[in-house]
Every structure is written in C-alpha cells, then in structure tokens.
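Fold and contact review
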Amino acid sequence: MAHIKLPEFEEMAPNIQERARPILEKTGELGEIFKLMAVDEKVYFATDMMVQNYLLNETTLPYDIKEAIALLISIENGCKMCVDVHKNIAKMLGLSEEKIEKILHGVDYVDTDEKGKSLLRFCIRASQKDSYKILKEEIDALKDLGYSDVQILEAVAITGYFNYINTLSNVFGLSQ
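Report follows, based on the coordinates. Because the structure is predicted, anything quoted here is derived from the model rather than measured. (Residues numbered from 1 in each chain as written. Predicted model: local features only at pLDDT ≥ 70, side-chain atom pairs only at ≥ 80, totals over all residues. Heavy atoms only, no water.)

1. Some words on the overall build of the protein chain
- What the protein chain contains, in helices and strands, is 9 helices and 0 strands.
- Starting at the N terminus, the α and β elements of the protein chain follow one another as α-α-α-α-α-α-α-α-α.
- Here the C-alpha radius of gyration of the protein chain, 17 Å, is about what a compact globule of 176 residues would show, namely 16 Å.
- Based on the C-alpha atoms only, the size of the protein chain along its principal axes is roughly 50 × 35 × 30 Å. (Helix = DSSP H or I, 4+ residues; strand = E, 2+ residues; numbered from the N terminus. Rg over C-alpha atoms; globule rule 2.2 N^0.38 Å.)

So this is what it looks like as structure tokens:
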C-alpha cells in the first residue's frame with residue numbers, strides 16, 4: 001500500500017488520462033508508479049519524456065544494455081517494484097528469460113562482452129552517492145573500449161533516471 005493516496009483513472013487530469021487509456025485498455029490496470037506520477041502533471045510529463053526518449057525510443061545504446069542498466073540499478077537501489085516492472089519490459093523488448101536471469105545475478109553473469117560489462121559496472125559506480133569522485137580516466141577507459149561521448153552520456157542519464165524513479169518508488173512505498 002502506497003504511503004500517499006494514488007489517483008484512480010477517473011481522478012487523473014484529462015491529458016494524463018489520454019496517455020493512460022491505451023495502457024488501461026491493453027493491460028486492464030495502471031501500475032502504482034504510473035498513478036504516483038499522475039499526482040502531479042509536471043512530474044508525470046517530465047518523467048514520461050525521459051522514459052520515451054531514453055528507454056523506449058531507439059537510441060545509441062541497444063535495448064538489452066538499457067534494460068540491463070534498468071535492472072542492475074534497481075537491484076542496487078533495492079527497488080523490487082522497478083525490478084519486477086523491468087523484467088516484464090525486458091521480455092516485451094525481446095530479451096529471453098535466460099538473459100534476464102543472468103542480469104539479475106549481476107554484471108559478471110550478463111550475456112555481453114567485456115566492453116558491455118565495463119559500461120554496466122561504470123553505471124553501477126555512477127549510481128552511487130560518491131559519483132562525484134569518478135575520474136576523467138574512468139570515462140576515458142570507456143572511450144578506449146569504443147564508447148562515444150553520446151553513449152556514455154546516455155548510459156549515465158539512464159542510470160540517473162533509475163536513481164530517480166527508484167527513489168520515488170521506495171519513498172512512497174510502492175508495491176511493498
């Protein structure tokens with residue numbers, strides 16, 4: 001049970017209802033995180049823009065790496081709801097059960113090359129409170145592996161997004 005009252009579909013602003021209707025028709029329900037965002041239109045649309053631009057749209061990083069970041073950061077932050085949601089999203093994006101299970105066991109088990117694992121380790125490091133201690137040399141090491149500035153920025157933006165969404169979920173007691 002969430003720590004604050006979450007709006008039902010009928011209580012949401014009309015422009016949020018418009019975005020929610022297809023989800024509701026397809027799945028029969030709206031998740032708690034969707035309802036939490038709907039408490040404030042500004043928060044909802046800012047969050048929705050991040051989801052669309054970083055996670056759902058095609059970007060410089062492949063979907064399997066983006067979902068690995070989502071799952072690993074959510075595990076790191078203890079956000080069970082986000083882990084459960086992103087296991088399902090990963091399946092919808094074509095990741096196999098086996099690949100998802102490997103991600104859930106940690107970076108060393110992820111079905112990717114050492115280059116991909118290095119980026120994932122960097123993202124976990126970037127998600128920590130002392131991320132201000134990351135050195136230029138650490139970013140340069142990713143560039144030496146072949147990552148572009150855009151890819152590194154995107155990976156860190158996704159990491160930051162999951163710190164944000166995990167915090168909201170955890171603070172407001174979603175799916176506990």
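We are not done yet, so read on.
2. A word on the packing of helix α4 (residues 63-76) against helix α5 (residues 80-92)
- The N-to-C vectors of α4 and α5 enclose an angle of 165°; their axes lie 9 Å apart at closest approach. Taken as axis vectors, α4 and α5 run roughly antiparallel relative to one another. Relative to α5, the crossing made by α4 is left-handed. In this structure, α4 uses E67, A70, L71, S74 and I75 to contact α5, whose residues at the interface are C82, V83, H86, K87, I89 and A90.
- For the contact of α4 with α5, a count of residues per class yields 7 nonpolar, 2 polar and 2 charged. (Axes fitted to C-alpha atoms, helices over the stretch in contact; angles between N-to-C directions. Parallel < 35°, antiparallel > 145°, perpendicular 65-115°, else oblique. Left-handed = near helix turned anticlockwise from the far one by under 90°. Contact = heavy atoms within 4.5 Å. Nonpolar A, V, L, I, M, F, W, Y, C, P; charged D, E, K, R; others polar.)

3. Things to note about the environment of L95
- Assignment of secondary structure puts L95 in the loop between α5 and α6 (97-104).
- For L95, a relative accessible area of 8% corresponds to the buried category.
- For the pair L95 and D64, spaced 31 residues apart in the sequence, the C-alpha separation amounts to 6.8 Å.
- Look past the residues within four positions of L95 in its chain and what remains in contact with it is D64, E67, A90, I100 and I103. (Buried < 20%, exposed > 50% of the residue type's maximum accessible area, 1.4 Å probe, protein only.)

4. Things to note about the nonpolar core
- Within the largest apolar cluster, 51 residues are counted, with the highest numbers of intra-cluster contacts made by I69, L119, L120, F162 and I165.
- At the level of elements, α1 (14-27), α2 (32-37), α3 (41-56), α4, α5, α6, α7 (114-126) and α9 (149-171) are the ones that each hand at least two residues to this core.
- If we ignore the near neighbours within four places in the chain, the residues touching L120 are I65, A68, I69, L72, V107 and V110. (Core = buried A, V, L, I, M, F, W, Y, C linked by side-chain atoms within 4.5 Å.)

5. Observations concerning the packing of α4 against α6
- The interhelical angle for the contact between α4 and α6, taken along N-to-C directions, is 40°, at an axis separation of 9 Å. Between α4 and α6, the interaxial angle falls into the category oblique. Crossing angle aside, the handedness with which α4 passes α6 is right-handed. Residue-level contacts link D64, A68, L71, L72 and I75 of α4 to K99, I100, I103 and L104 of α6.
- By residue class, the composition of the contact of α4 with α6 is 7 nonpolar, no polar and 2 charged.

6. Observations regarding the packing of aromatic side chains
- Summed over all chains, the structure comprises 4 aromatic pairs.
- Taken together, a centroid distance of 5.2 Å and an interplanar angle of 65° make the contact between F34 and Y44 edge-to-face. In this pair, F34 is assigned in helix α2 and Y44 in helix α3, connecting sequence segments 10 residues apart. Each member of the pair, F34 as well as Y44, is classed as buried.
- For the pair Y161 and F162, a centre-to-centre distance of 5.0 Å together with 90° between the ring planes defines the contact as edge-to-face. (Phe/Tyr/Trp six-rings, centres within 6.5 Å; stacked < 30°, edge-to-face > 60°.)

7. Here we look at the environment of F162
- Positionally, F162 belongs in helix α9.
- In this structure F162 comes out as buried when scored by relative accessible area, which is 1%.

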